[in-house]
Amino acid sequence: MEYNSKEIEKKWQNYWVENDSFEPSEDFTKEKKYILSMFPFPSGRLHMGHVRNYSISDALARYYRQQNFNVLHPIGFDSFGMPAENAAIKNGSHPKGWTYDNIDYMKKEFASLGFSFSKKREMATSDELYTKFEQSFIIDMYEKGLLYREKGLLNWCPHDQTVLANEQVIDGCCWRCDTEVVKKDMNQYYFKITQYADELIDDLKKLENGWPKQVLTMQDNWIGKSNGLAFDLFFDEESKSKLDSKFDSFDVFTTRPDTIYGVSYTALAPEHAIVTYMIENNLLSDAVISEIKTMKSASSIDRQKEKSGIALGLNVLHPLTGKSVPVWIANFVLMDYGSGAVMAVPAHDDRDYDFAKKYDLEINAVIKPFDGELEDGKAYTEVGALFNSGEFDGMNSKKSQYNIIKYFEENNIGKKTTNYKLKDWGVSRQRYWGAPIPFVHCDSCGLVMEKKENLPIALPEDVEITGEGNPLDNHPTWKHCACPECGKDAVRETDTMDTFVESSWYFLRFCASPENWEKEAFSAEQIKYWMGVDHYIGGIEHAVLHLLYARFFTKVFRDLGYLDFDEPFDNLLTQGMVLKDGSKMSKSKGNTVDPDELIEKYGADTARLFILFAAPPTQELEWNDSGVEGSYKFIKRFYERSSNIVACESIPIIEHASLSKDEKFARKKVYEALVRANEVYNERHTFNTMIAGVMEAMNALNTQENSDVWSEGYWILASIMEPVIPHIAYEISDKYFGLNNLNPQVVLDEVFVEDSITLGVSINGKRRAEIEVATDASKEDIISLAKEAASKWLEDKTIVKEIVVPKKLVNIVVKG
């Protein structure tokens, strides 16, 4: 039998298409599984990371179909975004044409790999129908007060010429092109995600059994809830006068109220309103203003590295002592957290200490160790006893926080406050290839929502993509329209939405029946049946961005009455990266592997087998050409040895007691592989261990010649491996079993019952031999066999003692 991967794979791919093999049933009485991989951006070609992601989800989907679940395993394309515009600039193509050409190519690649996606629910987020539904949701969110527009200092990518959300700034650079981000003052639309901050944190508890702990921790840290004390610092009279009496005070927030008596300076962010006022009213020198501009242009990451500051010549009064405290600008203070102003306690904070030492500011210690003295030359940041702290002297610093906050509240000078690192999600993007924000600017009516009957507001196709400015803003006609309220001339909003908006609800879009695909984004009946997603598979790099936004949208849709649950994804599997030569595959490094070339040479089943066998899915996978070759050879042997099968329509009935030792062992290894497979598919997802078990079973089958044992073995092993290597499994199953084996398999306990066991034989504690005895052998028979096996060590010896440790060993003690 010659293994021909091209012929076999093409045959079964055509069969699956012709028979709609992977379409979910509309029978909602069946138990369901919703299996979903994070959908790809249509960049043009699949990479091995895609192959790994979709091989994992496909294995789960195929397994659960075998177990008679109703399985939804859809695919879509996250098709709006910057790369399409960049390609248009580079190649002179249109973003839409480039995108949909790539989608067509990637669909063919998916088919060539045998992925079992539903074809009737395919979609791309750049489809006008998808935009129509999304714009409708946006209008509903605006009416609910969850979307607003205001001016603010925003993250701006000079390369991509667009605004970025805080979550899209990675180490001070654009998440997509790695250009250093600057700050820019402009209007922006925001989702009020902060309104859900507490729920987003609290509901992480619901995910503890299904999500990796690392992801939960990353989300918790990103939201960054902290409790502390908020209070105002009031300017002295001289400082008020300098500020033209425009400001009496500014508010600060601290998580360390126990250090309040140690405040020796305060610091403002360079973007703070007071600083802006001083610049605009020429209250600072040109040199200082230039220094402030330099601070503001630096990324938030760079601002945390080398600390720099500027004395403003202003003072505030300490809220408890009344002492004068200088006000500085400090580059490490950000407007993104709290009020953009901090109290500084250099004696008990490392950052404040470094700043104070650099600028020779006071350092006032107020906490000391319970035993011992403070060390010179560094901040003391541990729990200790308060001193120099008025009526709170002697208190445990940690426990004193409650008392100090209570004092502030009783005297109406401050209050207990909760702060969050999370900020509202800015969603405006100054680009063409995105979903238009469905609003109109009218001189008479202001900001006006488009009427839903006019949706979708689609993109014009006659645009010029130059890389400079917003093509929608520059279009001669598209933005000019009538106001939906008064009918007067008006202008469309030319910003488009952050592409993370599309990926925040796409998993719900698949919950629309093909019959009503054009009429509804999703149906209540389908949502109730399919959601939540049982298994969601994707990279850890989406732990904050996509996964946080998807959780937020789910809660918003619940509050809008679209659905009735809190969390979208029950179980999350974050697969590791695919590496080659120790680093992530990338074209620039020249270490990529083209899936198309791999399939051409070895076949799709080899690619799938290697990617699932080389490492557990959550770990990094190092590419290994010899491992690929080994996977191919295994499949070839698996196919060729199927010639030992005798065709049958049901699993052979075998009298286990009548089998030889090798035949019994072979059956045992086959059923061990089945037990392991059930554990892997349902619990551990360590496909590599399951595949290793199948290989062990194949080796055991090869040691015997019973055709019934071969047939039973292949009946089970082809079923186990169909989710991993579906083409060859279907070929074997069809040829010998009429596909009847691709169903739930029953574990037979009889194969694990041992007729005999092997015992070690020790003489005076040293292992000398092994014996095989019947499982019900008497002690006398065991000792007799042991003496026979170890006879040469017993010559001329006197046996002192004979010990049988059941099912383990025989120890004979001798002397002489």
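Residues numbered from 1 in each chain as written. Predicted model: local features only at pLDDT ≥ 70, side-chain atom pairs only at ≥ 80, totals over all residues. Heavy atoms only, no water.

A.B. asks: I'm lost on the pairing of strand β32 (residues 766-774) in this one. Help?
C.D. replies: Consecutive residues of a regular strand have side chains that alternate between opposite faces of the sheet. As paired strands, strand β31 (residues 756-763) and β32 are joined by 8 bridges and run antiparallel to one another. Across the sheet, valine 761 pairs through a bridge with alanine 769, a residue of β32. If you look at the hairpin formed by β31 and β32, you'll find 2 residues sitting between the two strands, and asparagine 764 has a positive phi there, around 50 degrees. (Pairing = 2+ DSSP bridges. Helix = DSSP H or I, 4+ residues; strand = E, 2+ residues; numbered from the N terminus.)

A.B. asks: Quick question: what am I supposed to make of the pattern of salt bridges here?
C.D. replies: Note on pairing: side chains with opposite charge can pair once their charged atoms come close. According to the stated counting rule, one finds 44 salt bridges in the structure shown. The shortest N-O distance in the salt bridge between arginine 45 and aspartate 596 comes to 3.0 Å. In this pair, arginine 45 sits in the loop between β1 (32-37) and α2 (48-66) while aspartate 596 sits in helix α17 (residues 595-602), placing the two residues 551 residues apart along the sequence. When the shortest N-O distance is used, the salt bridge between arginine 558 and glutamate 199 registers 2.4 Å. Of this pair, arginine 558 sits in helix α16 (residues 545-559) while glutamate 199 is found in helix α6 (residues 197-202), placing the two residues 359 residues apart along the sequence. Classification of arginine 558 by relative accessible area gives buried; the value is 18%. In the salt-bridge network here, residues are joined through shared partners; they are Glu199, Asp203, Lys206, Arg551, Lys555, Arg558, Asp559, Asp566 and Glu567. (Salt bridge = Lys/Arg side-chain N within 4 Å of Asp/Glu carboxyl O. Buried < 20%, exposed > 50% of the residue type's maximum accessible area, 1.4 Å probe, protein only.)

A.B. asks: How should I be thinking about the nonpolar core in this particular structure?
C.D. replies: Counting residues in each nonpolar core, the largest one holds 89 residues, and the members touching the most others are Trp623 and Leu717. Within the second largest apolar cluster, 83 residues are counted, among which are Phe41, Leu146, Tyr420 and Tyr549. (Core = buried A, V, L, I, M, F, W, Y, C linked by side-chain atoms within 4.5 Å.)

A.B. asks: Any chance you could explain the sheet that holds strand β2 (residues 70-72) here in plain terms?
C.D. replies: Overall, parallel pairing links the 4 strands, which are arranged β2-β1-β26-β27 in an open sheet. The open sheet is flanked by β2 and β27 (572-575), the only strands paired with a single partner. The sheet shows a mean angle of 20 degrees between the axes of neighbouring strands, taken without regard to direction. (Axes fitted to C-alpha atoms, helices over the stretch in contact; angles between N-to-C directions.)

A.B. asks: Is there a simple way to think about the packing of helix α18 (residues 604-613) against helix α21 (residues 687-701) in this case?
C.D. replies: Angle between the axes and distance between the axes: these two values describe a pair of packed helices. One way to put it is that α18 packs onto α21 with a least axis distance of 7 Å and a crossing angle of 115 degrees. Of the possible angle classes, the one that applies to α18 and α21 is roughly perpendicular. Residues Leu609, Leu612 and Phe613 of α18 lie in contact with α21, whose contacting residues are Phe687, Asn688, Ile691, Ala692 and Met695. (Parallel < 35°, antiparallel > 145°, perpendicular 65-115°, else oblique. Contact = heavy atoms within 4.5 Å.)

A.B. asks: Explain the pairing of strand β34 (residues 809-815) to me, please; I cannot follow it from the model alone.
C.D. replies: Across 4 bridges, β31 lies against β34 in parallel orientation. If you follow serine 762 over to β34, its bridge partner there is asparagine 811. As paired elements, strand β33 (residues 798-805) and β34 share 7 bridges and run antiparallel to each other. By the bridge assignment, isoleucine 799 is partnered in β34 with valine 814. Between β33 and β34, which pair antiparallel in sequence order, lie 3 residues; one of them, lysine 807, sits at a positive phi of approximately 65 degrees.

A.B. asks: Just to check I follow, could you spell out the environment of isoleucine 404 for this structure?
C.D. replies: Along the chain, isoleucine 404 turns up in helix α12 (residues 397-410). Taking the relative accessible area as the measure of exposure, isoleucine 404 reaches 1% and is therefore buried. As for isoleucine 404 and glutamate 795, which are separated by 391 residues in sequence, their C-alpha atoms are 87 Å apart. Residues in contact with isoleucine 404, not counting those within four places in the same chain, are Pro257, Asp258, Ile260, Leu386 and Phe392.

A.B. asks: I keep staring at the sheet that holds β34 and nothing clicks. Help me out?
C.D. replies: For sheets, the rule is that strands pair by backbone hydrogen bonds, running either parallel or antiparallel. Sheet architecture is open: 4 strands sit in the order β32-β31-β34-β33, paired in mixed fashion. Single-partner strands in this sheet number two, and they are β32 and β33. The average undirected angle you get between the axes of adjacent strands in this sheet is 20 degrees. Those strands touched by helix α24 (residues 779-789) are β31, β32, β33 and β34, and its axis lies near 135 degrees from that of β32.

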